[in-house]
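# Examining the three-dimensional arrangement
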Amino acid sequence: MNKPATMSVSKSHLSNKSSFKQALRNSFTMAYRGILKIRRTPEQLFDVTFQPIIFTLMFTYIFGGAIAGNVENYLPIIIPGILVQTVITGSVVTGTQLREDMDKGVFDRFKSLPIARIAPLAGALLADTIRYTIATVLTFSMGFVLGYRPEGGIGSVVIAGLLVIACAWAISWIFAFFGVIARTASSVQGISMLILFPLTFLSNAFVPADTMPNWLQWFVKINPISHLVTAVRDLANSGTVGWDLIITLIGAAVIVAIFAPITVRAYMRKA
Amino acid sequence: MINDYRKDLENAKYAVEAQGLVKTFGDHRAVDGVDLKVPTGSIYGVLGPNGAGKTTTIRMLATLLRPDSGEAKIFGYDAAKDSQIVRQLIGVTGQYASVDESLSATENLIIFSRLLGLSRQEAKRKANELLEEFGLMEAAKRPLKNFSGGMRRRLDLAASLIAQPPLIFLDEPTTGLDPRTRNQMWDTIRRLVKSGSTVLLTTQYLQEADELADRIAVIDRGRVVAEGTVNELKESIGTSSLHLSIQHNQDTQNARMIVERVLEVQSAVSPEGGMITAPMASADRVTDLLVALREEGIQLAELSVQKPSLDEVFLTITGEGLNESQAQSHDQRGGNN
């Protein structure tokens, strides 16, 4: 302790604002923390490992014959659907874990450090893209095992995967918001599932929309999840890019633009 | 590298200046107008029973909680307005270890160092340095949850020292530690101040405040009820006291009368009986007292003289103090009149 301090250059003068560069750096450090935590407790990856495998098997064989005549024809419809559903459901965990994490003493230290306020949140969300990536890779692999051969080619499949991961990251801001304002982790889980179930099932993820009654079709068509699913299907199955992709990207951007600031503000108020 | 602002800080008279801090939770006024002045380079103890408002006060000073009214200045910077500057000047060690239990000690320190702006290599070096200094080498690689509370506390303190902040808040740093670890903690805290830091610590233990603090503020029900150096506080309660243990309980009343007659003071008897406490203004008179007791044939089991302890100060100031010692405190106050 008697040795001279190893202070960073940025601290040689005092400033009340943290720069964008610092915010980015801090967020990556917090993401590194998230990854270390995943490595220490791999059981938190259960949902993103087993859900893709079990759901893909289940839905393909239950609905395959009824909806598309046979399993082979159903795969191009169901794989993008399952992919979106699994990955988006995975983003709920982000909110739950954030709540649990914030209840621990270590968040007091983060709050007392001169770091960008957004970093503990952004870092946690960034680390969770690992979970989405695992779910994405497993769902496509499972589809491949069952005989799914996406005609868009490997490049388009990768882009489709990245699109889903990016959207899940955007949506996870919503659940992060609940995570910050809710009192307990289980209430976060409850609220999030209540939102998520209608969103994923009242979409074209599992069943083509034109088989539904009119009033339901109306909702299914404006449901952002449907646009995401369609965008993924276009990319993976034919390698094409359409309006759905653009709408999806705009939607994701809007979610981040709204929820990132209010989440950070709620987080700071709690501080 | 010595930074310019550090010199300014050392010249600042007070590390902490708080005025009229108030924090209400629902209709409970946890902190009800606290004023504090902590001189730079000192160890300042905030002493009080559970729920007195110590932690809430620290959290407001450390930018973790916004005061409802009043203001807190850290080296002249407003904790609410210039919070990001204040955070660069402080280290906080919470009541519950504020470290990541699922990570190892090294990982914890590296993450905090990186967040504080150290490069990858610097962070690694700093982490090793602190691990060695705080005797945490065995926790270096394994997750903390497998280790004792004492180790977590030490790591917590180590983490607060990464940036060598000029002001360190320690919220009940030794609660729940065994005596040996507690002594180690005390040594570390003393060393901190030698290296130029100011330390503000809260504690429920009078002995701890007595051992460490230069100045003490006694907090009760959200208010500062006494403030001063340890000696000032002790003097405020008066002289040393004489404790007599009587061998046969039935003699106690008799002995008490003799004590009051010879020393010309009020005395008190412990609730269990057998122990008489009386203020001792003049040591000379004790000889007379002992002779008188011998003449009456009263046998003593034990005799001792005690300087006023912070315990007595504390109980006197806070009135009832801790509930279980209520009866005793009344007796002792009677004895010290």
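Going by the structure above, here's the rest.
Throughout what follows, the structure given in this document is the object of discussion. Keep in mind it's a predicted model, so treat the numbers as computed, not measured. (Residues numbered from 1 in each chain as written. Chains lettered and ligands numbered in written order. Predicted model: local features only at pLDDT ≥ 70, side-chain atom pairs only at ≥ 80, totals over all residues.)

A few words now on the nonpolar core. Formed by 94 residues in total, the largest nonpolar core has its most connected members in A:Val84, A:Val164, A:Val232 and B:Leu109. Here this core gets 17 residues from one element, more than from any other, and that element is helix α7 (residues 153-181) of chain A. Once you skip the residues sitting within four places of it in the chain, A:Val164 turns out to touch A:Leu83, A:Val84, A:Val87, A:Thr136 and A:Val232. One finds B:Val16, B:Val38, B:Leu89 and B:Ala209 within the second-largest nonpolar core, a separate group that totals 51 residues. (Core = buried A, V, L, I, M, F, W, Y, C linked by C-beta atoms within 7 Å. Buried ≥ 20, exposed ≤ 12 C-beta atoms within 10 Å, placed from the backbone. Helix = DSSP H or I, 4+ residues; strand = E, 2+ residues; numbered from the N terminus. Contact = placed C-beta atoms within 7 Å.)

All right, on to the sheet that holds strand β12 (residues 268-269) of chain B then. Residues and elements named next belong to chain B. The antiparallel open sheet is built from four strands, whose spatial order is β12-β13-β11-β14. Only two strands of the sheet have a single partner each, and these edge strands are β12 and β14 (300-306). Here strand β11 (residues 241-246) pairs with β14 via six bridges, running antiparallel. Note that in β14 the partner of Ser 241 across the bridge is Gln 306. (Pairing = 2+ DSSP bridges.)

Once that is clear, we can look at the packing of helix α2 (residues 46-68) of chain A against helix α6 (residues 129-146) of chain A. Residues and elements named next belong to chain A. Direction vectors running N to C along α2 and α6 enclose 35°, while the axes themselves pass 8 Å from each other. Like other packed secondary-structure pairs, α2 and α6 cross with a definite hand, here right-handed. Where α2 abuts α6, its residues Val 48, Thr 49, Pro 52, Ile 53, Thr 56 and Thr 60 lie against Arg 131, Ile 134, Ala 135, Leu 138, Thr 139, Met 142, Gly 143 and Leu 146. The residue makeup of the contact of α2 with α6, split by class, is eight nonpolar, five polar and one charged. (Axes fitted to C-alpha atoms, helices over the stretch in contact; angles between N-to-C directions. Left-handed = near helix turned anticlockwise from the far one by under 90°. Nonpolar A, V, L, I, M, F, W, Y, C, P; charged D, E, K, R; others polar.)

Residue and element names in this part refer to chain B. One open sheet holds the six strands; their spatial order is β6-β7-β8-β3-β9-β10, and the pairing between them is mixed. The open sheet has two edge strands, β6 (90-93) and β10 (223-229), and neither has a second partner. Neighbouring strand axes in the sheet, compared pairwise and without regard to direction, differ in orientation by 15° on average. Bridge analysis of strand β3 (residues 43-47) against strand β9 (residues 215-220) gives four bridges, and the strand direction is parallel. Across the sheet, residue Leu 47 finds its bridge partner in β9, namely Val 218. Sheet strands in contact with helix α2 (residues 54-61) are β3, β7 (167-171), β8 (198-203) and β9, and its direction is about 155° off that of β7. The strands that helix α7 (residues 179-194) touches are β3, β7 and β8; relative to β8, the one it contacts most, it runs at about 150°.

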